[in-house]
Amino acid sequence: IGCEYATIFATLGIPVFLINTGEVVLPFLAQEIASALVEQMQRDGVEVILKTEIRSVKAPLRDELISIDLSTGRVLEADMLLYAAGRSGNTLNLGCEKVGIKLGKRGQIDVDAHYRTSVPNIFAVGDVIGFPSLASTSMDQGRVAVSHIFGTAGAESIARIFPYGIYTVPEVSMVGMTEEQARAEGIDVCVGRSSYKNMARGKILGTEHGFMKLVFDRKDMGILGVHLIGSLATELIHYGMTLVQGRVPLLEVTSVVFNYPTLHDLYKYAAYDGLGAAAGKRLAPSIHELT
């Protein structure tokens, strides 16, 4: 949320400071994607301040600026401060404890695999039960819960694999494993990349930045993860979801026919690059050229 709002204001030409306590922004993303997003923020005028905490905030009097004291000793002045501290379940005034519903950390409701709470006839879904707290998964959780409530032939559970979309400028989206996660699990992985600016549709759109990264198992060439940063990334990711769900090999992707010119060619050329990388040949630009 902090990154989304930072890029929105920066796109409007407003100077923005982005303060992050960690060494990296959005650590759950592929490191290349997160780095590319930070680089784009900096090009758009965002000052990214890492490994820094806010010590105190002095509220303004009338037309004065907000004074923000950082752990580094630096003091920032700004018109507005957005403090993104994570999500808490909006359960405080529901009286859950009075009917025996157990709450976990941050006021979130504990549920089982069918979204049943500790009270058998009460179900809960969505943000109030915690991760992943996405509109898409929350709606499907509701459908699953209703199926169990009425014993209908609906979905037994939500999909195990689903995409993430971050509505920064540019958009970021991913599904499946990152290269770092795969290597941590001992998988011999390889990657293929493609650049927006090298696609015909990318040239038509005038895009200078943005790329796709495919993560695949070198052993069977099956695709494990798809990672995107660029225009319409949250739209493009859905084909990638089917690739990850089916662990589709790269050669099948290179034989798919897409409308031309469209940004879906990113998949085909990232697959070509992946085949070259697996064979020890580099076909596509490096990450520095892509960004």
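Anyway, here's the lowdown on the structure attached to this text. (Residues numbered from 1 in each chain as written. Predicted model: local features only at pLDDT ≥ 70, side-chain atom pairs only at ≥ 80, totals over all residues. Heavy atoms only, no water.)

## Describing unusual backbone geometry
And step 1. Cis geometry is found at the peptide bond from V169 to P170, where omega equals 5°.
And step 2. By the element assignment, P170 lies in the loop between β6 (164-166) and β7 (172-176).
And step 3. Along the chain, Y260 connects to P261 via a cis peptide bond; the corresponding omega equals 0°.
And step 4. Examined against the element boundaries, P261 turns out to sit in the loop between α7 (250-254) and α8 (265-278).
And step 5. Here the phi dihedral of K51 falls at roughly 50°; this positive angle occurs in a residue that is not glycine.
And step 6. For L232, which is not glycine, the phi dihedral falls at a positive 60°.
And step 7. Structurally, L232 is set in the loop between β10 (223-229) and α6 (233-245).
And step 8. According to the relative accessible area criterion, L232 is partly exposed, its value standing at 44%. (Helix = DSSP H or I, 4+ residues; strand = E, 2+ residues; numbered from the N terminus. Buried < 20%, exposed > 50% of the residue type's maximum accessible area, 1.4 Å probe, protein only.)

## Re the pattern of salt bridges
And step 1. Under the definition given, this model contains 10 salt bridges.
And step 2. Between R193 and E32 there is a salt bridge, with the nearest N and O atoms lying 2.6 Å from each other. With R193 in strand β8 (residues 189-195) and E32 in helix α2 (residues 31-43), the pair connects residues that are 161 residues apart, well separated along the chain.
And step 3. Among the ionic pairs, D140 bridges to R143, the shortest N-O distance being 2.6 Å. Placement of both D140 and R143 in helix α3 (residues 135-150) is noted, with a separation of three residues, approximately one turn of the helix.
And step 4. Judged by its relative accessible area of 36%, D140 is partly exposed.
And step 5. In this structure, a network of salt bridges that share partners links the residues E32, E179, R183, R193 and K213. (Salt bridge = Lys/Arg side-chain N within 4 Å of Asp/Glu carboxyl O.)

## Some words on the environment of V253
And step 1. Tracing the chain through its elements places V253 in helix α7.
And step 2. Exposure remark for V253: the relative accessible area of 0% places this residue in the buried category.
And step 3. Taking C-alpha positions, V253 is 10.0 Å from D265, a pair spaced 12 residues apart along the chain.
And step 4. Beyond its immediate sequence surroundings of up to four residues, V253 is in contact with I223, Y239, L243, V248, Y267, K268 and A271. (Contact = heavy atoms within 4.5 Å.)

## Considering the pairing of strand β2 (residues 46-49)
And step 1. Bridge count for strand β1 (residues 16-19) against β2 is four bridges, and the pairing is parallel. Residue pairing in the sheet places L18 in a bridge with V48 of β2.
And step 2. Following the backbone out of β1, through α2 and into the adjacent parallel β2, one traces a crossover that is right-handed. (Pairing = 2+ DSSP bridges. Right-handed = clockwise from strand over helix to strand, strands pointing away.)

## What to know about the environment of L263
And step 1. On the secondary structure map, L263 appears in the loop between α7 and α8.
And step 2. By relative accessible area, which is 6% here, L263 ends up buried.
And step 3. For the pair L263 and S231, spaced 32 residues apart in sequence, the C-alpha separation works out to 9.1 Å.
And step 4. Apart from residues lying up to four places away in sequence, L263 is in contact with Y196, R201, G202, L205, S231, L232 and L236.

Taken by themselves, the reported measurements are silent on function.
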